Amino acid sequence: SQELEQSPQSLIVQEGKNLTINCTSSKTLYGLYWYKQKYGEGLIFLMMLQKGGEEKSHEKITAKLDEKKQQSSLHITASQPSHAGIYLCGADGRGGSEKLVFGKGTKLTVNP
Amino acid sequence: DSGVTQTPKHLITATGQRVTLRCSPRSGDLSVYWYQQSLDQGLQFLIQYYNGEERAKGNILERFSAQQFPDLHSELNLSSLELGDSALYFCASSPGGGVRETQYFGPGTRLLVL
């Protein structure tokens, strides 16, 4: 079965700094989803990537899927305290989004 | 706000008991998914329903069952509860059951089994 490994597990940065979170899959990624979760709350959808080399941006957050479709990165530029939370990557198999598999998450703290 | 609602928000119960969690999907969405999130296991897919029918099954225990009603809301029933069932239970919905559909998550139900 597919497994997703996220790194780092946690990250503490100073406000204004850039940061990158990685998500590596044991198998080819057909659909890769990034979500953000505030502690103990629901997941907020950020972006979905499908094609090798694809890159999407939303405000100061950019996500990329590598050409081989086994790794994705999430980059935050000029981080703010509002970016703090747990970032989760999720992936579905070739058949579709029925069974999303998630990484364990990366906990981001942004110090003002 | 994702448009997915879940009740109750918190639930405290004792071992051996049975509880029902409820989920209302976004307007127009036909698929409902249930997930369990715990500290040690992370976020795990339990089961999916599409337009009233079971569509996909994940790591759902036999003590757990779910259903989706004609109005598309769903319920997750957890019985013979054990301490290890304490977790956050999320419901998500998507428009159909097709390929590459984004799932929108509800706020979750926090279950504590004492």
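Residues numbered from 1 in each chain as written. Chains lettered and ligands numbered in written order. Predicted model: local features only at pLDDT ≥ 70, side-chain atom pairs only at ≥ 80, totals over all residues. Heavy atoms only, no water.

## Brief notes about the side chain of Thr-109 of chain B
Residues and elements named next belong to chain B.
For step 1, the next point in the chain: Inspection of the secondary structure assignment puts Thr-109 in strand S11 (residues 109-113).
For step 2, the next point in the chain: Residue Thr-109 is classed as buried on the basis of its relative accessible area, which comes to 0%.
For step 3, the next point in the chain: A polar side-chain atom of Thr-109 sits 2.6 Å from the main-chain carbonyl oxygen of Pro-8.
For step 4, the next point in the chain: Setting aside residues up to four positions removed in sequence, Thr-109 forms contacts with Gln-6, Thr-7, Pro-8, Lys-9, Leu-21, Ala-87, Leu-88 and Tyr-89. (Helix = DSSP H or I, 4+ residues; strand = E, 2+ residues; numbered from the N terminus. Buried < 20%, exposed > 50% of the residue type's maximum accessible area, 1.4 Å probe, protein only. Polar contact = N/O pair within 3.5 Å; in protein donor to acceptor, adjacent residues only side chain to side chain. Contact = heavy atoms within 4.5 Å.)

## Observations regarding the nonpolar core
For step 1, the next point in the chain: Ranked by size, the top nonpolar core spans 22 residues in total, and within it Leu-19, Leu-32, Trp-34, Leu-74, Tyr-87 and Leu-108 of chain A carry the most contacts.
For step 2, the next point in the chain: Put simply, the parts of the chain that give this core at least two residues each are strand S2 (10-14), strand S3 (19-25), strand S4 (31-37), strand S5 (43-49), strand S7 (61-65), strand S8 (71-76), strand S9 (85-93) and strand S11 (106-111) of chain A.
For step 3, the next point in the chain: Counting 20 residues, the second largest nonpolar core, distinct from the first, contains Val-4, Val-19, Leu-78 and Leu-111 of chain B. (Core = buried A, V, L, I, M, F, W, Y, C linked by side-chain atoms within 4.5 Å.)

## Some remarks on the sheet that holds strand S8 (residues 74-78) of chain B
Hydrogen bonds between backbone atoms are what pair the strands of a sheet, whose relative direction is either parallel or antiparallel.
Residue and element names in this part refer to chain B.
For step 1, the next point in the chain: Read from one edge to the other, the open sheet built from 4 strands follows the order S1-S3-S8-S7, with strand pairing classed as antiparallel. The strands lining the two open edges of the sheet, one partner per strand, are strand S1 (5-7) and strand S7 (64-68). Taken pair by pair, the neighbouring strands of this sheet meet at an average axis angle of 15°, ignoring direction.
For step 2, the next point in the chain: Taken together, the 3 bridges between S1 and strand S3 (residues 19-24) define a ladder with antiparallel strand orientation. Across the sheet, residue Thr-5 finds its bridge partner in S3, namely Ser-24. (Pairing = 2+ DSSP bridges. Axes fitted to C-alpha atoms, helices over the stretch in contact; angles between N-to-C directions.)

## Notes on the sheet that holds S8 of chain A
Residue and element names in this part refer to chain A.
For step 1, the next point in the chain: With respect to topology, 5 strands assemble into an open sheet ordered S1-S3-S8-S7-S6, the strand pairing being antiparallel. Two strands close off the open sheet at either side, each with one partner strand: strand S1 (4-7) and strand S6 (55-58). Each neighbouring strand pair of the sheet contributes to a mean axis angle of 15°, computed without reference to strand direction.
For step 2, the next point in the chain: Across 4 bridges, the pairing between S6 and S7 is antiparallel. The residue bridging Lys-56 from the neighbouring strand is Ala-63, located in S7.

Any functional reading would require information that these geometric values do not contain.
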